[in-house]
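Reading the structure
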Amino acid sequence: MKTALVGCLLAMFALYARGQDLDKPLLLVASHELQGPYHHTALLVVPLQGRHVGFILNRATDLKLGTLFPDHAPSAKVADPVYLGGPEHVNEIFAIVPRNPGEPSLRLFGELFLTSQAKLVDQIIEQTPNDARYFAGFVGWQPGELAAELEAGWWYVADPDPALVFSKDTGAMWESLMKQLGKRVVPLKGLRET
């Protein structure tokens, strides 16, 4: 009986994952089962040319832009730390801003825009240093990879919220999102959430 119930629940989740609209921005919240570098993370994910790119929202580093770029005096004005956006292109800084910074930039959703073009990032730092969130690197998925991860149950999905991108306290973001999604936060390894 228990095996049949678990099988039924897994089948229902697989149908739910397949039903996700992967052609729009998403908020991904890591399930308890997801271990490694994405354990207890929340990601903003957007489709891009048949693939998906995302940024880990709750991995603040101990580094500030002023430390990374000591020869660029305006970087010292950025108060928040740099966030680890993901393992790809970690030597590149990405800026997410709440308005169009000009070209080249990518509209993520609503009024959120992304750029990694050095001249434009410098301009943002010089003109509005604390209106952006700065990420080192990003997460990338090849075609079909994100759908497979959703089907495997690695992520819970929600609509993205611009406020999460600029949240000042990201330390408890994962736990808070799990509670909002109706998932029980279980600290002991091996226990499953409800």
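Nothing here was measured: the structure is a model prediction, and the numbers come from that model.

Turning our attention to the pairing of strand 7 (residues 112–115). Where burial is concerned, the two faces of strand 7 agree: the one with Leu112 and Leu114 and the one with Phe113 and Thr115 are both buried. Summarising the sheet, strand 5 (residues 88–97) and strand 7 pair through three bridges and their orientation is antiparallel. Paired with Ala95 across the strands is Thr115, a residue of strand 7. Of the strand pairs in this sheet, strand 6 (residues 106–109) and strand 7 are connected by three bridges, and their pairing is antiparallel. Looking across to strand 7, one finds that Arg107 is bridged to Phe113.

Among the structural elements, Ser75 can be located in the loop between helix 2 (65–68) and strand 4 (83–84). A distance of 2.7 Å separates the side chain of Ser75 from the side chain of His72, its partner in a polar contact. In this structure Ser75 touches Leu65, Gly66, Phe69 and Ile125, once residues within four positions along its chain are discounted.

Before going further, it helps to examine the confidence of the model for the protein chain. For the protein chain, the average pLDDT comes to 87, and 84% of its residues sit at 70 or higher. Overall, residues 1–19 carries pLDDT values under 50, and its contacts beyond four positions in sequence, including any with other chains, amount to nine contacts. Contacts of residues 188–194 to residues separated by more than four positions or lying in other chains number 14 contacts, the stretch itself having pLDDT below 50.

If you look at the biggest cluster of nonpolar residues, it comprises 39 residues, and the most contacted ones within it are Leu28, Leu43, Leu57, Ile96, Leu108, Leu146 and Trp155. Ignoring anything within four residues of it in the chain, the contact list for Ile96 reads Leu44, Phe55, Leu108, Leu112, Phe113, Leu114, Asp131, Ala132, Arg133, Phe135, Val165 and Phe166. Of all hydrophobic cores here, the second largest spans 13 residues; its members include Ile93, Ile124, Ile125 and Ala136.

About the criteria used
- Residues numbered from 1 in each chain as written.
- Predicted model: local features only at pLDDT ≥ 70, side-chain atom pairs only at ≥ 80, totals over all residues.
- Heavy atoms only, no water.
- Buried < 20%, exposed > 50% of the residue type's maximum accessible area, 1.4 Å probe, protein only.
- Helix = DSSP H or I, 4+ residues; strand = E, 2+ residues; numbered from the N terminus.
- Pairing = 2+ DSSP bridges.
- Polar contact = N/O pair within 3.5 Å; in protein donor to acceptor, adjacent residues only side chain to side chain.
- Contact = heavy atoms within 4.5 Å.
- pLDDT = per-residue confidence, 0-100.
- Core = buried A, V, L, I, M, F, W, Y, C linked by side-chain atoms within 4.5 Å.

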